[in-house]
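# Coordinates in review
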Amino acid sequence: MLFQILSLLLDVAASLVGGACLLRLYMQWQRVPFGNPLGRFVFAVSNWLVLPLRRLLPAMGRIDTASLMAAWAVELVQLAVLWSVSGALGGLATGPAWALLPVLAVFGLARLVLSCMTALVLLGAILSWVRADSDMADLVERLCVPLLAPLRRLVPRVGGLDLTPLALLVLLQIAGIVLSGLQVAVLG
């Protein structure tokens, strides 16, 4: 029971910090200004980790490698702590299994990307229904448009409704299934 509580707390913390790092990466890639409440939140949550890494890892074009590595490092630390605690409880955290943690962190990072995209699309869909005229609604719309644009060319409107968010959510779920299968195949 204590392990489950620790796992939940670590997952929430890692999702918050890692998600902020990924959102920072995505907002910089999309050239979205950070002078809004979401941007300030992202900086507040991720600066302590991203700024020191930025001295070591320069950006590659529009890709902020420091933010990407920070999100991966958060996943790695989460896995290492859980692995250590489970090993202390059951004697499992020894041997060559530790070498798998960086690979597991890559899969965790990919799952976090899918989760962030899902949350962003859901938030964008909800805000589009209520037609909130706010800076936050405009920001979410601006972040969702590049994700939905390729599907908008393929999925027609039905009765005036834009079904591309639903189509993208289905594709993200399929990507999650494929990712899980790939993880089993690679690490199996």
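Structure report, in brief. (Residues numbered from 1 in each chain as written. Predicted model: local features only at pLDDT ≥ 70, side-chain atom pairs only at ≥ 80, totals over all residues. Heavy atoms only, no water.)

As enumerated under the stated definition, the model contains two salt bridges in all. The shortest N-O distance in the salt bridge between Asp-64 and Arg-54 comes to 2.7 Å. You can see Asp-64 sitting in the loop between helix H2 (37-56) and helix H3 (65-90) and its partner Arg-54 sitting in helix H2, a full 10 residues away along the chain. The exposure class assigned to Asp-64 is buried, which follows from its relative accessible area of 4%. Exposure remark for Arg-54: the relative accessible area of 31% places this residue in the partly exposed category. Arg-152 is the partner of Asp-162 in a salt bridge, and the nearest nitrogen-oxygen pair spans 2.8 Å. Of this pair, Asp-162 sits in the loop between helix H5 (135-152) and helix H6 (164-187) while Arg-152 sits in helix H5; the two residues are 10 residues apart in sequence, bridging distant segments of the chain. (Salt bridge = Lys/Arg side-chain N within 4 Å of Asp/Glu carboxyl O. Helix = DSSP H or I, 4+ residues; strand = E, 2+ residues; numbered from the N terminus. Buried < 20%, exposed > 50% of the residue type's maximum accessible area, 1.4 Å probe, protein only.)

Another aspect to go through is the environment of Leu-163. For Leu-163, the location among the structural elements is in the loop between H5 and H6. Separated by 38 residues in sequence, Leu-163 and Ala-125 place their C-alpha atoms 9.8 Å apart. Not counting residues within four places of it along the chain, the set of residues in contact with Leu-163 comprises Val-155 and Val-158. (Contact = heavy atoms within 4.5 Å.)

Note on helix geometry: an α-helix contains 3.6 residues per turn, so any two residues three or four positions apart are oriented the same way. Spanning 20 residues, H2 covers 28 Å between terminal C-alpha atoms, matching the ideal 28 Å at 1.5 Å per step. Within the sequence span of H2, burial applies to Leu-38, Gly-39, Val-42, Val-45, Ser-46, Leu-49 and Val-50. The N-cap residue of H2 is Asn-36: its side-chain oxygen and the backbone nitrogen of Leu-38 are 3.1 Å apart. (Expected span 1.5 Å × (residues − 1). Polar contact = N/O pair within 3.5 Å; in protein donor to acceptor, adjacent residues only side chain to side chain.)

Quick look at the environment of Arg-157 now. Locating Arg-157 in the fold gives a position in the loop between H5 and H6. Measuring from C-alpha to C-alpha, the distance between Arg-157 and Val-113 comes to 27 Å, with 44 residues separating the pair along the chain. A distance of 3.1 Å separates a polar side-chain atom of Arg-157 from the backbone oxygen of Gly-160.

Here the focus is the nonpolar core. Membership of the largest hydrophobic core comes to 24 residues, with the highest contact counts inside it found for Leu-23, Met-27, Leu-120, Leu-139, Leu-143, Leu-147 and Leu-168. Looking at this core, the elements that each hand over two or more residues are helix H1 (2-29), H2, helix H4 (101-130), H5 and H6. By residue number, the principal contributor to this core is H5, which donates eight residues. The contact partners of Leu-147, leaving out residues within four places of it in the chain, are Tyr-26, Met-117, Leu-120, Val-121 and Leu-168. One finds Val-45, Leu-49, Val-50 and Ala-71 within the second-largest nonpolar core, a separate group that totals 15 residues. (Core = buried A, V, L, I, M, F, W, Y, C linked by side-chain atoms within 4.5 Å.)

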